[in-house]
Amino acid sequence: MAAESSSADGPTSQSPIARLRNRLEGPNTIGNSRQFWAGLALAVVALIAFPILGGGTGNQFSLFLVLGLLGLSLSLVWGYAGILSFGQTVFFGVGAYTFGIVSINFPTPGGITGAVLAGTLAGAVMAALLGYFMFYGGVRDVYVTIITLVSTLVVLTFMAQTAGSEWTIGEAPLGGFNGMPGMPLLNLGVEGIFTFQFVFNDLELFLPLVGPFVVDPFYYLSLGLLLVAYLGLRVLVNTDFGRVLVAIREDEDRTQMFGYDVKRTKLVAFTLGGGLAGLSGVLYAARNVYIDPSVFELYFATLPVVWISVGGRKSLLGAVAATIAVEYLRLNIGGEMALVAVGALLLVSILVLPGGVVPWINDRGLPWLKDESIPWIKAKMGRVPESEATES
Amino acid sequence: MMKQALSQSRSGLGAIVAVVALFAIGSQTAPNLTFRIYYSISFVVLAAIGLAIIFGIMGVINLAHGEFILVGAYATTLSATQVGLPLPAAMLVGALVTAVFGLIVERVIISGFVPNWIAQRTVGRDIIRPFYDRLADSMVATFGLSLVMVQGARIVFGNSIDQIGVPFGSTAGYPDYRIALVGITAGVLALVYLLFTQTTFGTRVRATMQDEETAKALGIDTERTYMLTFAIGSGLAGFTGALFAPLLSMQPSLGDQFLVEAFVAVVVGGASVVVGTSLSGLLLGPIDALFSDEFGEFAGRIALLVAAMLALRFLPGGITGVVDDLRERLEGGS
């Protein structure tokens, strides 16, 4: 619905690329310039080449990309809809466990593909349920945060007591704190037509000039999904729906007065975020071929909030960049100081840069991030008040 | 908001008498059940009171609340086992240490006074905006603090420290110490109530809470009021930790056990510290006790979560709002 209205004031005979950019760009996202896209393309190429040139298979790095999806989900829910949720890891964990349960029961490529979808859907359904009771129950603002926080603790308590054999769904025991081993490897496709195993299946390839190298297909799967999710969310937040979301974030009551269905909009955003978190959980479980209740722990629940606070909650790019950076740091610091470092990072970033790093850099006016020289973008920018346009 | 008139009116007095009478009757007829329920009420009230003061008065959500309780518990345990203080003195030390700790946290993080003071002298401008009434930001910041504190405690003290033995014996198969906690809870509530209604400091706090600008114009040092309020809230959280120190295993993560009850109680209770917290304790304590005993800890927590969501749905102002309504209706009718 947004595309029609926004293309109306742009030139009608646009090239496909211009039409695509028209959808991807707007005041709600950082990076609306040719230079930005060039930079992003460069970054993607670098990420594609990284396992080839860096020597490794990209196996380790794929974890950060998977968690990037979780970061994006919170960026949508908190950064754009203004709902601070500590529950993204609940949907993450529910997605992971659902994937485990379904794939253990149907360990065929078709079944596993179904398990991926089921896990994603389970995250969305869980979010929709919780969101329905919260938003339609009149729970607002910080109380939503408290309820999501309490939900995390409740699910942890629940999963912790599922060690007994009565907690077996089909063939899949939930396993309490021991977790759920024995998942089949991520083998997607349909039997008889095409299947491909994405984990523990290092491909030995050969490139002229580079020579032989080994790559992990899962790395490219997660990179592709992260890129699709990022671009998809960019399209979403620059539609009318995205504008309503931002309006709700800025002033919920006023948005309601304008006649928007605030509750439904929040529920839709929350559900989408839950689905994205669920997908992230599915990939996490598939990558590790294992899942345990530690994903429901308070510590893990805070990590997305840390990433988003550091990167900038109102910026999808910041979410992805900070997720990768913080997780990289966290794993490299390692040991007992990791938690202290994460906490301190969170504390300092919210104290000194409440907006986050990426918007801060953007405000400092890196010209390649800020270019508004393209006419239809100017037209789009012009339709929102200056204060709102620059704020994000 | 904090008129506290319920306890001043006859109905408030009646409620207190009823609670005491129920305890007296129950302890004769069904002692174990009565003790369990009253202990559960005390647990909810003690878990929530420090949080309620800081939230209700300063508009700061302290997600490090559990870790303030941890500070109190550790300080008590260490001063009893390492220094050899008698338990009551050790508990006071625990509360005091936490209050001082809270004061430092308030100056450094919540009000940003110390960093800003340094920044004024180096960069020449403030770098931090105070967290008062910035609910979401204060949550994030205090969560960072809580991570640092839990892991810091683990690094410094290891995964657990020696526990103090539970004092006193037991009555009807129920530990006397837990029964004593019920009485102590009542004492704490009474003290907080007196502090906020009968002292000049309390009047200042309530003025600051209702209208900060006007209070400032009337010569109240609101900054100082916030500072002391935070210290008192922290001190009470520390006292909670001190009281439960003999009952809990001393791990860096012990604060987590209080989080669910504390937050749900504050959500259900509403703005008023004493009335809201004690009434939500009276409501949630029995729910928690009955569901946990019958169906396990998980069911108890689910029940609390459901209670919180129902309360948010039907009592937007919390129990405080209902009490205010009720009082207005009573006063209007008579």
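Preceding this paragraph is the structure being described.
Residues numbered from 1 in each chain as written. Chains lettered and ligands numbered in written order. Predicted model: local features only at pLDDT ≥ 70, side-chain atom pairs only at ≥ 80, totals over all residues.

Undergrad: Requested: an account of the overall build of chain A, with residues and values cited.
TA: Within chain A, the secondary structure is distributed over 18 helices and six strands. Counting every position in chain A, which comprises 392 residues, the buried fraction comes to 48%. At a minimum sequence separation of 6, the contacts of chain A that also span at least 24 residues come to 75%. (Helix = DSSP H or I, 4+ residues; strand = E, 2+ residues; numbered from the N terminus. Buried ≥ 20, exposed ≤ 12 C-beta atoms within 10 Å, placed from the backbone. Contact = placed C-beta atoms within 7 Å.)

Undergrad: Just give me the short version of the overall build of chain B, but keep the residues and values in it.
TA: The number of helices and strands found in chain B is 15 helices and two strands. The C-alpha radius of gyration computed for chain B amounts to 20 Å, which stays within 12% of the reference 20 Å derived for 334 residues, consistent with globular compactness. In terms of its C-alpha atoms, chain B occupies a principal-axis envelope of roughly 70 × 60 × 35 Å. The burial tally for chain B puts 49% of its 334 residues in the buried class. (Rg over C-alpha atoms; globule rule 2.2 N^0.38 Å.)

Undergrad: Mind laying out the pairing of strand 3 (residues 187-190) of chain A, listing which residues take part and the relevant values?
TA: Residue and element names in this part refer to chain A. Here strand 3 pairs with strand 4 (residues 194-197) via four bridges, running antiparallel. Directly across from Leu 188, in strand 4, lies its bridge partner Phe 196. Counted along the chain from strand 3 to the antiparallel partner strand 4, the turn is three residues long, and its residue Gly 192 has a positive phi close to 90°. (Pairing = 2+ DSSP bridges.)

Undergrad: Any details on helix 9 (residues 240-250) of chain A? Residues and values, ideally.
TA: Three or more residues of helix 9 of chain A are buried, namely Gly 242, Arg 243, Val 244, Leu 245, Val 246, Ile 248 and Arg 249 of chain A. Along its buried surface, helix 9 of chain A packs onto helix 4 (59-80), helix 8 (217-237), helix 10 (252-257) and helix 11 (262-288) of chain A.

Undergrad: Lay out the nonpolar core in plain terms, naming residues and giving numbers.
TA: Among the nonpolar cores identified, the biggest contains 211 residues, and Leu 72 and Val 150 of chain A together with Ala 48, Phe 263, Val 264, Val 267 and Ala 308 of chain B are the most heavily contacted of them. The contacts of Phe 263 of chain B, once residues within four sequence positions are left out, are Ile 146, Leu 149 and Val 150 of chain A. (Core = buried A, V, L, I, M, F, W, Y, C linked by C-beta atoms within 7 Å.)

Undergrad: Could you give an account of helix 12 (residues 256-269) of chain B, naming the residues involved and the relevant values?
TA: Residue pairs three or four apart in sequence face the same way in an α-helix, which turns once every 3.6 residues. In this model helix 12 of chain B runs 20 Å from its N-terminal to its C-terminal C-alpha over 14 residues, within 8% of the 20 Å that 1.5 Å per residue would give. In terms of burial, helix 12 of chain B is a largely internal element, 13 of the 14 residues being buried. (Expected span 1.5 Å × (residues − 1).)

Undergrad: Can you explain the environment of Ala 95 of chain B? Please cite residues and give values.
TA: Residue and element names in this part refer to chain B. With respect to the helices, strands and loops of the structure, Ala 95 is situated in helix 5 (residues 87-110). Given 23 C-beta atoms within a 10 Å radius, Ala 95 is considered buried. Remark: the alpha-carbon pair of Ala 95 and Ala 237, spanning 142 residues in sequence, is separated by 7.5 Å. In contact with Ala 95, not counting residues within four places along its chain, are Gly 72, Gly 235, Gly 238, Phe 239 and Ala 242.

Undergrad: Residue-level account of the interface of chain A and chain B, with values.
TA: Listed per partner, the contact involves 35 residues of chain A and 38 residues of chain B. Only helix 7 (141-160), helix 12 (298-311) and helix 14 (337-352) of chain A provide two or more residues apiece to the side of chain A that touches chain B. Residue contributions to the side of chain A that touches chain B peak at 13 residues, all from helix 7 of chain A. Among the residues forming the side of chain A that touches chain B, the class breakdown is 24 nonpolar, nine polar and two charged. (Nonpolar A, V, L, I, M, F, W, Y, C, P; charged D, E, K, R; others polar.)

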